[in-house]
Amino acid sequence: MSDETPICSAKGCRADAVWVLAWNNPKIHAPERRKTWLACDEHREHLSQFLGVRGFLKDVVAFAQWQAPEGA
C-alpha cells in the first residue's frame, strides 16, 4: 500500500480520485474478475460511458466506500 494519493485514470488528469469504476472484459476475464479505474468528479461520467458502451462497466463506487475483493 502506498502513501500516495490515488489519482484519476483519465489520460493527462492529475486530480485526486473520488470514484472507483469496477469493470471486466468478458472476452478475456472470468465473470467474477474486477479491474478498476479511478475517476475524479470531472471524468466519472466520461470514463463510465467509455466502459458502459462496451458492456464492461459493472459498478461505480465512491472511493471511500470501495473494498477490493479478497485476494486482489
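Being a predicted model, the structure only gives us computed values, none of them experimental.

Peer 1: Go over the environment of L47 with me, naming the residues and quoting the values.
Peer 2: The topology assignment puts L47 in helix α1 (residues 44–53). In sequence terms L47 and L57 are ten residues apart; their C-alpha atoms lie 9.4 Å from each other. Setting aside residues no more than four positions away along its own chain, L47 makes contact with C8, A10, L21, W37, L38 and A39.

Peer 1: Any details on α1? Residues and values, ideally.
Peer 2: Of all the positions in α1, only L47, S48 and L51 are classed as buried. Across the axial projection of α1, the buried residues extend over an arc of 100°, all falling on one side. Elements that come into contact with the buried residues of α1 comprise β1 (19–23), β2 (35–39) and β3 (57–62). Once α1 finishes, G55 follows within two positions and takes phi at roughly 80°, a positive value.

Peer 1: Can you explain the pairing of β1? Please cite residues and give values.
Peer 2: In regular strands, side chains alternate between the two faces of the sheet. Burial runs high along β1: five of the five residues are buried. Along β1, one buried face is formed by W19, L21 and W23 and the opposite face, lined by V20 and A22, is buried too. Pairing geometry for β1 and β2, over five bridges, is antiparallel. Paired with L21 across the bridge in β2 is W37. With five bridges joining them, β1 and β3 adopt antiparallel strand pairing. Considered in β3, the bridge of W19 is made with A62.

Peer 1: I'd like to hear about the nonpolar core, residue by residue, with values.
Peer 2: The nonpolar side chains of a soluble globular protein tend to be buried with one another. Of all hydrophobic cores here, the largest spans eleven residues; its members are C8, A10, C13, W19, L21, W23, A39, C40, L47, L51 and F56. Contributions of two or more residues to this core are made by β1 and α1. No other element matches β1, which puts three residues into this core.

Peer 1: Break down the side chain of H43 for me, with residues and values.
Peer 2: On the secondary structure map, H43 appears in the loop between β2 and α1. Here H43 is in contact with C8, A10 and C13, once residues within four sequence places are set aside.

About the criteria used
All residue numbers refer to position in the chain's written sequence, counted from 1. For this predicted model, a pLDDT threshold of at least 70 governs which residues receive local features, and a threshold of 80 or more governs which side-chain atom pairs are given and counted, while totals over whole chains, interfaces and linings are taken from all residues. To get the side-chain values, all heavy atoms of the structure are used, and hydrogens and water are removed first. By definition, any uninterrupted DSSP run of H or I lasting at least four residues is a helix, any uninterrupted run of E lasting at least two residues is a strand, and each is numbered from the N terminus. Any two residues whose heavy atoms approach within 4.5 Å at even a single point are treated as in contact. Note on classification: 1.4 Å probe, protein chains only; a residue is buried when its accessible area is under 20% of the maximum for its type, exposed when over 50%, partly exposed between these limits. By definition, the arc is the one covered by directions from the helix axis to the C-beta atoms. When DSSP finds two or more bridges between a pair of strands, those strands are recorded as paired. Grouping buried Ala, Val, Leu, Ile, Met, Phe, Trp, Tyr and Cys residues that are joined through side-chain atoms within 4.5 Å yields what is termed a nonpolar core.

None of this, on its own, says anything about what the molecule does.
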